[in-house]
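# A structural walkthrough
Now for the letters of each chain:
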Amino acid sequence: MPSKVKVFTQPHYLHNFVQSTFNALSADKVRGATLVVSGDGRYYSKDAIQIIIKMAAANGVRRVWVGQNGLLSTPAVSAVIRERVGADGSKASGGFILTASHNPGGPNEDFGIKYNMENGGPAPEGITDKIYENTKTIKEYLIAEDLPDVDISVVGVTKFEGPEGQFDVDVFDSASDYVKLMKSIFDFQSIQKLVASPQFSFCYDALHGVAGAYAKRIFVEELGAQESSLLNCVPKEDFGGGHPDPNLTYAKELVARMGLGKSQAEHEPPEFGAAADGDADRNMVLGKRFFVTPSDSVAIIAANAVQSIPYFSSGLKGVARSMPTSAALDVVAKNLNLKFFEVPTGWKFFGNLMDAGMCSVCGEESFGTGSDHIREKDGIWAVLAWLSILAYKNKENLGGGKLVTVEDIVRQHWATYGRHYYTRYDYENVDAGAAKDLMANLVKLQSSLSEVNNIVKGIRSDVSNVANADEFEYKDPVDGSVSKHQGVRYLFEDGSRLVFRLSGTGSEGATIRLYIEQDSQDALAPLVEVALKLSKMQEFTGRSAPTVIT
């Protein structure tokens, strides 16, 4: 969970969380175990890594693996836990990831920590609940104070005699394991041909996040792109003072370069552009003067994966999306006769399906896309998937025919599967009490659909009737667990949807997210008006406009 740096630097705060985590894990996952400790490089990470190393030693951990300079993207941590084998044959049983995702970094900004399990995925609720309970009752923590700091800027193994016996810290190259995994999934040669073509140009913006530690290796060294196509690819503790969130609001430089800015681009925009967030698990995909919505992106990847990506050549096991994501993926699943799952927001729900062999490709509207190669969303994987689709669609015409563009691929997809119009309004840092009241009122309204429809018709007579309204709950088909209160839904007779959710990724106040979807050409404006008046958004929150519109 992200919090301000000044919260984490309070005496014993980080220590208590780390010890509470060790206490929540079974003994065999701690004593004698191998743990990964790294993150997105944000401010306070280097101090936190040294504290966690000393606490690991005192708790009887056998070895700690650290990415060079403490850098590992969230997807790379997942890959390292799943794939890496140490020189002594060791395998990791879990890891601490130091990140506050797409939130800003710096002394006055955010820091965060989370624990991932041996499948490489986030700790399930059973463990996170236990960690939380432990933090309320913890009396002591173990730390090897006299263990010297480890130089994490140098690759190599440092051996110590820890309080519990032999203890090693293995600092390794941040990119190697991840690059090797990507090369086993995608046809790098066909992407190289695309990148080498004079018709193709591209731009990748890491927003000064940890994706910069991978961008040069993959896009320049492996795929032969020009170094000038990399933007903000030097990881910085404060993300260069920016907000490392890959959307049209915060990735301003990339958006301008792609010809989507307020003013005319100075140069002809590249054919393909992409951005990552702080810990590189999210992605935004752009074509020349063209934005690909995350909901469309996962649907297009799923529709083209089998032909374009060797890893999927024998077929998809199934596909899944988070509940607020548009139904574009549902249509692909239906047409291709694939298993389909709608899950609450949170990657662990996808992870369960993947561990059970039921899902190959999944995504969220919040710029997260991924597959069963790891158990986290994966920003660079999504970019390589798009490059693979572009390479496949253009394999006949790189010698001088007309390039099939990102926009062509999306419009072709709409022509085949239909188009879903979709928008999301975020109201950030709203008073938490007001946000809860707003949600409670929306649930209360659901007890009488006729009343809801009277209100709706009073707001806009041209909006279809509400056919169904509920609070989304999910019964996991793998372990039978039930997740309640996962968002308030209003489903209309014409297939339109309104979804309201409270989100937990900001560090102050509450964020209300409102999702509006319909599959007809009619403008979304009438539905937006219904959503704002039905929920009494301004009355409850005092806000006349959202913080971010996607």
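Everything that follows concerns the structure shown earlier in this document.
Quick look at the structure, then. Worth saying up front: this structure is predicted, and the values here are computed from it rather than measured. (Residues numbered from 1 in each chain as written. Predicted model: local features only at pLDDT ≥ 70, side-chain atom pairs only at ≥ 80, totals over all residues. Heavy atoms only, no water.)

### Observations regarding helix H15 (residues 432-445)
Applied cut-off: The helix and strand labels rest on DSSP assignments: H or I over at least four residues marks a helix, E over at least two residues marks a strand, and numbering proceeds from the N terminus. To estimate the expected span of a helix, count its residues, drop one, and scale the result by 1.5 Å. Buried residues are those whose accessible area, probed at 1.4 Å on protein chains only, stays under 20% of the maximum for their type, while exposed residues exceed 50% and partly exposed ones sit between those limits. By definition, the arc is the one covered by directions from the helix axis to the C-beta atoms. Any pair of N or O atoms that falls within 3.5 Å is considered a polar contact. Within protein, one atom must be able to donate a hydrogen and the other to accept it, and sequence-neighbouring residues count only if both atoms are side-chain atoms.
Between its terminal C-alpha atoms H15 stretches 20 Å, which fits the 20 Å expected from 14 residues at 1.5 Å a residue. Taken as a whole, H15 has its buried residues at Ala434, Ala435, Leu438, Met439, Asn441, Leu442 and Leu445. For H15, the angular spread of the buried residues around the axis is 155 degrees, confining them to a single face. Along H15, exposed side chains directed more than 90 degrees from the buried face belong to Lys436 and Lys444. One side-chain oxygen of the residue at the start of H15 lies 3.2 Å from the amide nitrogen of glycine 433, identifying that residue as aspartate 431.

### Overview of the sheet that holds strand E6 (residues 113-116)
The strands making up a sheet associate through backbone hydrogen bonding, with each pair oriented either parallel or antiparallel. Stated formally: The criterion for strand pairing is that DSSP finds at least two bridges linking the strands in question. Only the contacting stretch of a helix is used when fitting its axis, a line to C-alpha atoms as for every element, and angles between N-to-C directions run 0 to 180 degrees. Contacts are assigned to residue pairs that have any heavy atoms within 4.5 Å of one another.
Taken in spatial order, the six strands of this open sheet run E6-E4-E2-E3-E8-E7, and their pairing is mixed. Two strands bound the open sheet, and with one partner strand each, they are E6 and strand E7 (156-162). Pairs of neighbouring strands in the sheet enclose a mean axial angle of 20 degrees, with direction left out of account. For strand E4 (residues 94-98) and E6, the ladder comprises four bridges, and the chain directions are antiparallel. Its bridge partner being in E6, glycine 95 is matched across the sheet by asparagine 116. Across the sheet, helix H3 (residues 45-58) is in contact with strand E2 (34-39), strand E3 (63-67), E4, E6 and strand E8 (165-172); its angle to E4 comes to roughly 155 degrees.

### Remarks on the pairing of strand E9 (residues 202-205)
The condition that has to hold: Assignment of crossover handedness uses the view with strands pointing away from the viewer, where a clockwise path from the first strand over the helix to the second indicates a right-handed crossover.
Burial along E9 is two-sided: the face carrying Phe202 and Tyr204 and the face carrying Cys203 and Asp205 are both buried. One ladder, built from four bridges, connects E9 with strand E11 (residues 272-276); its direction is parallel. Note on E11: the bridge partner recorded for phenylalanine 202 is phenylalanine 272. Relative to strand E10 (residues 230-231), E9 runs parallel, the two being bridged by two bridges. Directly across from tyrosine 204, in E10, lies its bridge partner leucine 230. This β-α-β element, E9 to helix H8 (residues 212-222) to E10, shows right-handed connectivity.

### Structural notes on the environment of proline 11
Mapped onto the elements of the fold, proline 11 is located in the loop between helix H1 (5-8) and helix H2 (13-24). Judged by its relative accessible area of 69%, proline 11 falls in the exposed class. Remark: the alpha-carbon pair of proline 11 and glutamate 376, spanning 365 residues in sequence, is separated by 31 Å.

### So, the packing of aromatic side chains
For clarity, the threshold we go by: Note on ring pairs: Phe, Tyr and Trp rings are taken, using the six-membered ring of Trp, and paired if centres are within 6.5 Å. Classes follow the plane angle, with under 30 degrees stacked, over 60 edge-to-face and the rest tilted. When the NZ atom of lysine or the CZ atom of arginine is within 6 Å of a ring's centre and also within 35 degrees of its normal, the charge is said to sit over that ring.
Taken as a whole, this structure holds 18 aromatic pairs when the rule is applied. Seen in terms of ring centroids, phenylalanine 8 and phenylalanine 111 are 5.0 Å apart; in terms of plane orientation they differ by 80 degrees. Their pairing is edge-to-face. Highlighted residues: phenylalanine 8 in helix H1 and phenylalanine 111 in strand E5 (residues 110-111), separated in sequence by 103 residues. For the pair shown, phenylalanine 8 and phenylalanine 111 are each scored as buried. Between phenylalanine 202 and phenylalanine 219, the ring centres sit 5.4 Å apart and the planes meet at 65 degrees, which makes this aromatic pair edge-to-face. Taken as a pair, phenylalanine 202 in strand E9 and phenylalanine 219 in helix H8 lie far apart in primary sequence, 17 residues in all. Residues phenylalanine 202 and phenylalanine 219 agree in their burial class; the two are buried. Feature note: the residues Phe200, Phe202, Tyr204, Phe219 and Phe272 constitute an aromatic cluster, connected by ring pairs. Note that arginine 84 overlies the ring of phenylalanine 172, its terminal NZ or CZ placed 4.0 Å from the centroid. In this arrangement the basic side chain of arginine 419 is found over the ring face of tryptophan 414, its NZ or CZ atom lying 3.8 Å from the centre.

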